[in-house]
Amino acid sequence: MREKSLIFIVAGEASGDALGARLMKSMKHQSANKVEFIGIGGPMMTEEGLKSLFPMEELSLMGVFEILPHIRQLRKRVLQAASAVNDKKPDAVITIDSPGFAHAFIKRVDVETIKIHYVAPSVWAWKPKRVFKFKEHYDHLLALLPFEPPYFEKVGLPCHFVGHSILESGADQGNGPDFRRKFSIPEKAKLLSVLPGSRKGEVTRLLPVFAETVSKLAEDIPNLHCVIPAVPHLHDHIIESTTEWPCPVLVIPAKDQEMKYNSMAASNAALAASGTVALEMAMAEVPTVIAYKISPLTHFLVRRFIKVDFGHLLNILANHMIVPEFIQRHCKAKNLVRALNEILEDGKGKLQIIELKQELKKLSVDGSLPSEEAARVVLSILDKAK
């Protein structure tokens, strides 16, 4: 019998890396270091002691036509991860988000182990029948949203609401004045956070639209500055793509959480891809405009399955558009410029933040930190299995 519980943990993108790192830290603390981890993760999980089997970035793909060119390599990584589990026989396997890789991997795990998925799929948004696929492959789910557990419990899959990790991200702790002093950004200059995504496909599609938006915005706003937090594998590409922008552009490392959140605190507004970063902006109280595009073919395939009217989670919780969204064919510079001018110049930004603060309260679990609640649930599952 092991002295420590062995956990195989898998994350496939930056947001999952952050979730995994916080979960690992909380589990070590609550168990008095009676857990150890192996698996796949990024830099934040590495800081918590994980030695990743291979670079996490190889899993950061989305969309049918984005994945196809890499299908052989992905299959190789699926088999490698499953083989590691079958060899090490961990007490539990925890997959974090990235459901495509997670399912391909978990169904090839042949040994007896507890299978947990962290971040319940958004079956309330699209493809509700996925509940049955998760029921088939997993023993437990950890949900970020309070209304998610019933969707899975009704088919007999235990699902626990643990809260949304954005609440402990530190996104509300940035030092704006310090950031402006450090990078010589004038106090009265308008600073726009530009966040085109963390995947290459996202950045490739969104950055040209964002470039046109910034060019038009700079005509209306003297002394406009932009800051772009960039993930490591896209840092050079973003620098090269912004050299011709008509205003000062500062590209900072997205993995430097303190610098990223300081840049948010210093910003007057944000132009962001839909996703976790939009919640970070809400935490930082930065008025935001959301824009997003996927490949036309992928959009054609998935659009009829989408069951919600909004992309921003807080818009969904509120059931009306607090944060302006411009998705797919609406993702055009003229629309983005108009919306940004409204929150920068017409005072709508303050009203947006007042509403968002109310919606953020719905993401907590009785005041506990999400990672602590998630760790408590996982350790309880392990204890019951002994």
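Preceding this section is the structure that the text describes.
J.: I tried to follow the overall build of the chain on my own but got confused; where do I start?
T.: Counting its regular elements, the chain contains 17 helices and 12 strands. Against the 2.2 N^0.38 benchmark of 21 Å for 386 residues, the chain shows a C-alpha radius of gyration of 21 Å, consistent with a compact globule. When its C-alpha atoms are laid out on the principal axes, the chain stretches across 65 × 45 × 40 Å. A total of 386 residues make up the chain; the buried ones form 54% of that total. Once local pairs closer than 6 in sequence are excluded, the contacts in the chain between residues at least 24 apart make up 66%. Of the accessible surface of the chain, which amounts to about 18200 Å², a share of 52% is contributed by carbon and sulfur atoms. Looking at charge distribution, the chain has the averaged site of its 49 positive side-chain charges lying 5 Å from that of its 44 negative ones.

J.: So what exactly am I meant to see when it comes to the pairing of strand β2 (residues 35-40) here?
T.: Consecutive side chains along a regular strand alternate between the two faces of the sheet. In this structure, strand β1 (residues 5-11) lies alongside β2, joined through 6 bridges in parallel fashion. By the bridge assignment for β2, I7 is matched with F37. In this fold, β1 hands off to helix α1 (residues 14-30), which returns the chain to β2; that crossover is right-handed.

J.: Help me understand a positive patch on the surface, please; the structure alone is not making it clear to me.
T.: On the surface, a cluster of positive charge is made up of R329, K332, K334 and R338. Relative to the helices and strands, K334 resides in helix α15 (residues 333-345).

J.: Is there a simple way to think about the sheet that holds β2 in this case?
T.: The pairing of strands in a sheet happens through backbone hydrogen bonds and is either parallel or antiparallel. On the basis of which strands lie adjacent, the open sheet formed by 6 strands has the order β2-β1-β3-β4-β5-β6 and parallel pairing. Each end of this open sheet is capped by a strand with a single partner; those strands are β2 and β6 (159-161). For this sheet, the mean inter-axis angle between neighbouring strands, taken without regard to orientation, is 20 degrees. As defined by bridge partners, β1 adjoins strand β3 (residues 92-96) across 5 bridges and the pair is classed as parallel. When the sheet's bridge partners are listed, I7 is paired in β3 with A92. Together, β1, β2 and β3 form the strand contacts of helix α4 (residues 71-88), whose direction differs from that of β1 by roughly 175 degrees. In the packing of helix α17 (residues 370-385) onto the sheet, contacts are made with β1, β2, β3, β4 (114-118), β5 (140-143) and β6, and the angle to β4 comes to roughly 165 degrees.

J.: Please explain the sheet that holds strand β8 (residues 225-230) as it appears in this structure.
T.: Strands sit in the order β9-β8-β7-β10-β11-β12 across an open sheet of 6 strands; the sheet is parallel. At either margin of the open sheet sits one strand with a lone partner, and together these are β9 (249-253) and β12 (325-327). Here the strands of the sheet are splayed against their neighbours by 20 degrees on average, with no regard to which way each runs. Strand direction decides the pairing type here: strand β7 (residues 191-195) and β8, joined by 3 bridges, are parallel. Counted as the bridge partner of L192 is C226 from β8.

J.: Explain the nonpolar core to me, please; I cannot follow it from the model alone.
T.: By size, the foremost hydrophobic cluster in this structure holds 61 residues, and its most contacted members are I9, M27, I94 and Y118. Top element by residues in this core is α17. It accounts for 7 residues. Once you skip the residues sitting within four places of it in the chain, M27 turns out to touch I7, V35, F37, A375, V378, L379 and L382. Counting 36 residues, the second largest nonpolar core, distinct from the first, contains V194, A211, L224 and V251.

J.: Help me out: how do you make sense of the packing of helix α9 (residues 200-220) against α15 in this one?
T.: If you want to describe how two helices pack, look at the angle between their axes and the distance between the axes. Contact pair α9 / α15: the axes reach a minimum separation of 9 Å and the direction vectors enclose 45 degrees. Here α9 is positioned oblique relative to α15, judged by the angle of their axes. Classified by chirality, the crossing of α15 by α9 is right-handed. The segment α9 lies against α15, with V209, F210, E212, T213, K216, L217 and D220 engaging A333, L336, V337, L340, N341 and L344. Its residues placed into classes, the contact of α9 with α15 shows 8 nonpolar, 2 polar and 3 charged.

J.: Help me understand the packing of aromatic side chains, please; the structure alone is not making it clear to me.
T.: Between two aromatic rings, the relevant description is the distance of the centres plus the angle of the planes. Under the counting rule described, the total for this entry stands at 5 aromatic pairs. Relative to Y138, the ring of F134 lies with its centre 5.7 Å away and its plane at 20 degrees, an arrangement referred to as stacked. The interplanar angle of 50 degrees and the centroid separation of 4.8 Å between the aromatic rings of F179 and F183 together place this pair among those described as tilted. The class for F183 is partly exposed, based on a relative accessible area of 27%. Among the aromatic residues, those joined into a ring-pair cluster are F8, F101 and F105.

J.: Is there a simple way to explain α4 in this structure?
T.: One turn of an α-helix holds 3.6 residues; hence residues three or four places apart share an orientation. Between the first and last C-alpha of α4 there are 26 Å, a value that for 18 residues agrees with the 26 Å anticipated at 1.5 Å per step. Taken residue by residue, α4 has L74, R77, V78, A81, A82, A84 and V85 as its buried positions. The buried residues of α4 occupy an angular sector of 155 degrees when projected down its axis, which confines them to one face. Exposed and oriented more than 90 degrees from the buried face of α4 are R72 and D87.

J.: I'm lost on the pattern of salt bridges in this one. Help?
T.: Once the charged atoms of two side chains with opposite charge are near each other, the side chains can pair. For the structure on display, the rule yields 10 salt bridges. Across the pair E202 and R199 runs a salt bridge, and its minimum N-O distance is 3.0 Å. E202 sits in the buried class, given a relative accessible area of 4%. When salt bridges that share partners are traced, they join E13, R199 and E202 into one network.

Conventions used here
All residue numbers refer to position in the chain's written sequence, counted from 1. Note on the predicted model: pLDDT of at least 70 is required for a residue's local features to be given, and 80 or more for side-chain atom pairs to be given and counted; whole-chain, interface and lining totals, by contrast, use all residues. Side-chain numbers here rest on the full set of heavy atoms in the structure, without hydrogens or water. Helix numbers and strand numbers start at the N terminus; a helix is a DSSP run of H or I with at least 4 residues, a strand a run of E with at least 2. Radius of gyration means the value over C-alpha atoms here, while the globule rule gives 2.2 Å times the residue count to the 0.38 power. Note on classification: 1.4 Å probe, protein chains only; a residue is buried when its accessible area is under 20% of the maximum for its type, exposed when over 50%, partly exposed between these limits. The contact definition used throughout considers only heavy atoms, calling two residues in contact when any of these lie within 4.5 Å. Each accessible area is a Shrake-Rupley estimate made with a 1.4 Å probe; only the visible protein chains count as cover when residues are assessed. In this tally Asp and Glu are treated as negative and Lys and Arg as positive; neither His nor the chain ends contributes. Think of each charge as sitting on NZ of Lys, CZ of Arg, CG of Asp or CD of Glu. Should DSSP find at least two bridges between two strands, the strands are taken to pair. A crossover gets the label right-handed when its path from the first strand over the helix to the second runs clockwise, viewed with the strands pointing away from the viewer. Each patch is assembled from residues with relative accessible area greater than 30% and no salt bridge, linking like charges that lie within 9 Å and nonpolar side chains (Val, Leu, Ile, Met, Phe, Trp, Tyr) that lie within 5 Å. Salt bridges are defined as contacts in which a side-chain nitrogen from Lys or Arg sits within 4 Å of a carboxyl oxygen from Asp or Glu. The angle between two axes is taken between their N-to-C directions and runs from 0 to 180 degrees, where each axis is a line fitted to C-alpha atoms and a helix contributes only its stretch in contact. Within this scheme, the nonpolar core is defined by two criteria: the residues are buried Ala, Val, Leu, Ile, Met, Phe, Trp, Tyr or Cys, and they are joined through side-chain atoms within 4.5 Å. Each angle gets one of four labels, with under 35 degrees taken as roughly parallel, over 145 as roughly antiparallel, 65 to 115 as roughly perpendicular, and the rest as oblique. Crossings are classed by handedness, with left-handed meaning an anticlockwise turn of the near helix from the far one by less than a right angle and right-handed meaning a clockwise turn. Charged residues are taken to be Asp, Glu, Lys and Arg, nonpolar residues to be Ala, Val, Leu, Ile, Met, Phe, Trp, Tyr, Cys and Pro, and polar residues to be all remaining types, Gly included. Ring pairs shown here join Phe, Tyr and Trp side chains whose ring centres sit within 6.5 Å, with only the six-membered ring taken for Trp; geometry is labelled stacked below 30 degrees between planes, edge-to-face above 60, and tilted in between. One fewer than the residue count of a helix, multiplied by 1.5 Å, yields its expected span. Along the arc lie the directions from the helix axis toward the C-beta atoms.

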